[in-house]
Amino acid sequence: MKAAAFDLVRPRTVADALAALADGARPLAGGQSLGPMLNFRLATPERLADIRTLAALRAHAETDDTITWGAAVTHAEVEDGRVPDPTGGTLRAIAGHIAYRAVRNRGTVGGSLAHADPAADWISALTALGGSVRIAGPEGEREEALTGWMSGAFATQLAEGELLLSVTIPRPRPGARLAYRKLCRKEGEFAMAIAAVLDDPARAIRRVVVGATDGAPIIAEGADAGPRAHAAIDAWPGEAWKARLLHVSLDRALGDIAA
Amino acid sequence: MTTLTVNGIETTLDVPPRTHLADALRETLGLTGTHLGCEHGVCGACTVELDGSPARACIAFAAACAGAVVRTIEGFEYDSVMAELRAAFTAHHALQCGYCTPGMLITARDIVLRIPGADEARVRRELAGNLCRCTGYQGIVDAILAVLAARRG
Ligand SMILES: Cc1cc2nc3c(=O)[nH]c(=O)nc-3n(C[C@H](O)[C@H](O)[C@H](O)COP(=O)(O)OP(=O)(O)OC[C@H]3O[C@@H](n4cnc5c(N)ncnc54)[C@H](O)[C@@H]3O)c2cc1C
Ligand code: FES
Ligand code: FES
């Protein structure tokens, strides 16, 4: 199908973009989720603001303790190591299995976090790492932890008129590991089950994120995070076959950490 | 009005924002080598080169491509890697109806240039986003592996 009619504006600065959003425009980043929604007419916005090339959203930065990716950094840039990976390669590998290269060349990390498909990869992986997002809106800028980011499927803390600027990821300490397991039948598909486990002994952090739950991810922290996440899957209201896949992905990710 | 470069020629398009790049290429510019299958990013038939990298033309809007450099299958006529791939696709029976072929070739060229050491498993992984309903993929994989091997010498 073809998209319904909409207006397109191309702001040059974050301030211009915020003005466009205040005027009712919806952000268009890589268009790799919004494009299909427009073509299916699942989304019929009157106006889009193309933010894909905004310099502030294309930047990345590093400190001793964190790395920050602008919201418009693409999956392919992460895959290729064109932006720093604080896990020493795990995030690059995750990026390389998101969709297909032609989609990764356009799709952005910020677009994925804003879209908040429960089966998307960055939501689970960056939540496990303790990431946070920076948001600009009419009232100024604020920071939100990803652990509380999703309130349900395709629902986040992002309010209308707000723009996701960047995501900041704390650097795991030496000896830390991030395990990530995505179960799907075909390469590049959205996951049927996701488990991400961060084990960072030097910071005494063990965080388990179980994704593709049809809603906000299951998050458990602490030494017994694994068993507690398994218990949460048992209590999860979804279908039994899907719960089984969540258990399997979690077992595998915990196994990777133990290995 | 949207100005972009298509196959080396600066082109001005008068299309509304809702027109996706593939429709603009096909309907306005008559470049029908870019095919449309699913129109939601899954099948790969519409894959073109956008600012030097493969992209889906069905979910990029032409007006959002102002200033971009676009190369469609027609723009690769004199490209040496594409010439090698065309010959290999012919030799290995990598197409039947040809519907997927423009997208396959643009993806294949990206694989050859970006991952010169790719083995069969990697080629298959990289092709996961281009669907072919005719060949069963074996001929396509063989053709790409042959070009990779020939270029490694
Ligand atoms: C065939 C296919 C397969 C895919 N497979 C996977 C997969 O396996 N795993 C996966 O994780 N993803 C997958 N995706 C989705 C892909 O990762 C998208 O790129 C991503 O979800 C959206 O990013 P985008 O930049 O394209 O955002 P867009 O599509 O441009 O926008 C998505 C939404 O986010 C909003 N938005 C975008 N940027 C901002 C911002 N900075 N601030 C506020 N709001 C913003 C938009 O308004 C829109 O509502 C797939 C997509 C396709 C087409
Ligand atoms: S038509 Fe664009 S991916 Fe199918
Ligand atoms: S040759 Fe017919 S779809 Fe591939």
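Everything in this summary refers to the structure shown in the same document. (Residues numbered from 1 in each chain as written. Chains lettered and ligands numbered in written order. Predicted model: local features only at pLDDT ≥ 70, side-chain atom pairs only at ≥ 80, totals over all residues. Heavy atoms only, no water.)

### What to know about the pattern of salt bridges
Quick note on the threshold: Any Lys or Arg side-chain nitrogen located within 4 Å of an Asp or Glu carboxyl oxygen qualifies as a salt bridge. Helix and strand assignments follow DSSP, with helices taken as H or I runs no shorter than four residues and strands as E runs no shorter than two, numbered in order from the N terminus.
Following the criterion strictly, the structure yields 30 salt bridges over all chains and no others. With a shortest N-O distance of 2.5 Å, E144 of chain A and R142 of chain A are connected by a salt bridge. Two residues, R71 of chain B and E49 of chain B, come together in a salt bridge whose shortest N-O distance is 3.7 Å. Of this pair, R71 of chain B sits in strand β5 (residues 69-71) while E49 of chain B is found in strand β3 (residues 47-50), placing the two residues 22 residues apart along the sequence. Look at the salt bridges and you will find they share partners, linking E79, D80, R82, R101 and R104 of chain A into a network.

### Quick notes on the pairing of strand β10 (residues 163-170) of chain A
Residue and element names in this part refer to chain A. Formally: We call a residue buried when its accessible area falls under 20% of the maximum for its residue type, exposed when it is over 50%, and partly exposed in between, using a 1.4 Å probe and counting protein chains only. Whether two strands pair depends on DSSP finding at least two bridges between them.
Most of β10 sits out of view: 8 of its 8 residues are buried. Pairing between strand β5 (residues 66-70) and β10: 5 bridges, direction antiparallel. By the bridge assignment for β10, I67 is matched with I169.

### Overview of the side chain of D117 of chain A
All names here are of chain A. Our working rule: Polar contacts here mean pairs of N or O atoms no more than 3.5 Å apart (in protein, one a potential hydrogen donor and the other a potential acceptor; neighbouring residues in sequence count only if both atoms are side-chain atoms). Whether two residues are in contact is decided by their heavy atoms: any pair within 4.5 Å suffices.
Locating D117 in the fold gives a position in the loop between α7 (109-115) and α8 (121-128). A polar contact is formed between the side chain of D117 and the backbone nitrogen of A119, at a distance of 2.8 Å. When near neighbours in sequence (up to four residues on either side) are disregarded, D117 contacts F154 and F190.

### A word on the interface of chain A and chain B
Note the threshold: Computed with a 1.4 Å rolling probe, the buried area is the accessible surface lost when two parts are put together, summed over both parts. Residue classes follow a fixed rule: Ala, Val, Leu, Ile, Met, Phe, Trp, Tyr, Cys and Pro count as nonpolar, while Asp, Glu, Lys and Arg count as charged, and any other residue, Gly among them, counts as polar.
Contacts between the two partners involve 31 residues from chain A, matched on the other side by 30 residues from chain B. For the pair chain A and chain B, the two sides together bury roughly 2400 Å², of which 55% comes from carbon and sulfur. Put simply, chain A and chain B have 3 salt bridges between them. Of all the elements in the fold, those that place two or more residues in the side of chain A that touches chain B are β1 (7-9), α2 (34-39) and α6 (101-104) of chain A. A breakdown of the residues in the side of chain A that touches chain B according to their chemical character gives 13 nonpolar, 7 polar and 11 charged.

### Structural notes on the site of ligand 1
We apply this condition: Near is defined per residue: the residue qualifies when any heavy atom it owns lies within 4 Å of the molecule or strand. Accessibility throughout is a Shrake-Rupley quantity obtained with a 1.4 Å probe, and a residue counts as covered only by protein chains that appear here.
Residues in contact with ligand 1 amount to 35 residues; listed here are only the nearest, P27, Q32, L34, T108 and D121 of chain A. Chains contributing residues near ligand 1 are chains A and B. At 2.7 Å from an oxygen atom of ligand 1 is found a main-chain nitrogen or oxygen belonging to Q32 of chain A. Contacts to ligand 1 include D121 of chain A, whose side-chain N or O atom sits 2.7 Å from a nitrogen atom. Taken by itself ligand 1 offers 970 Å² of open surface, and the protein chains cover 95% of this. Among the secondary structure elements, those contributing two or more residues to the shell around ligand 1 are β2 (26-28), α7 and β10 of chain A. Class assignment of the residues belonging to the shell around ligand 1 gives a composition of 17 nonpolar, 13 polar and 5 charged.

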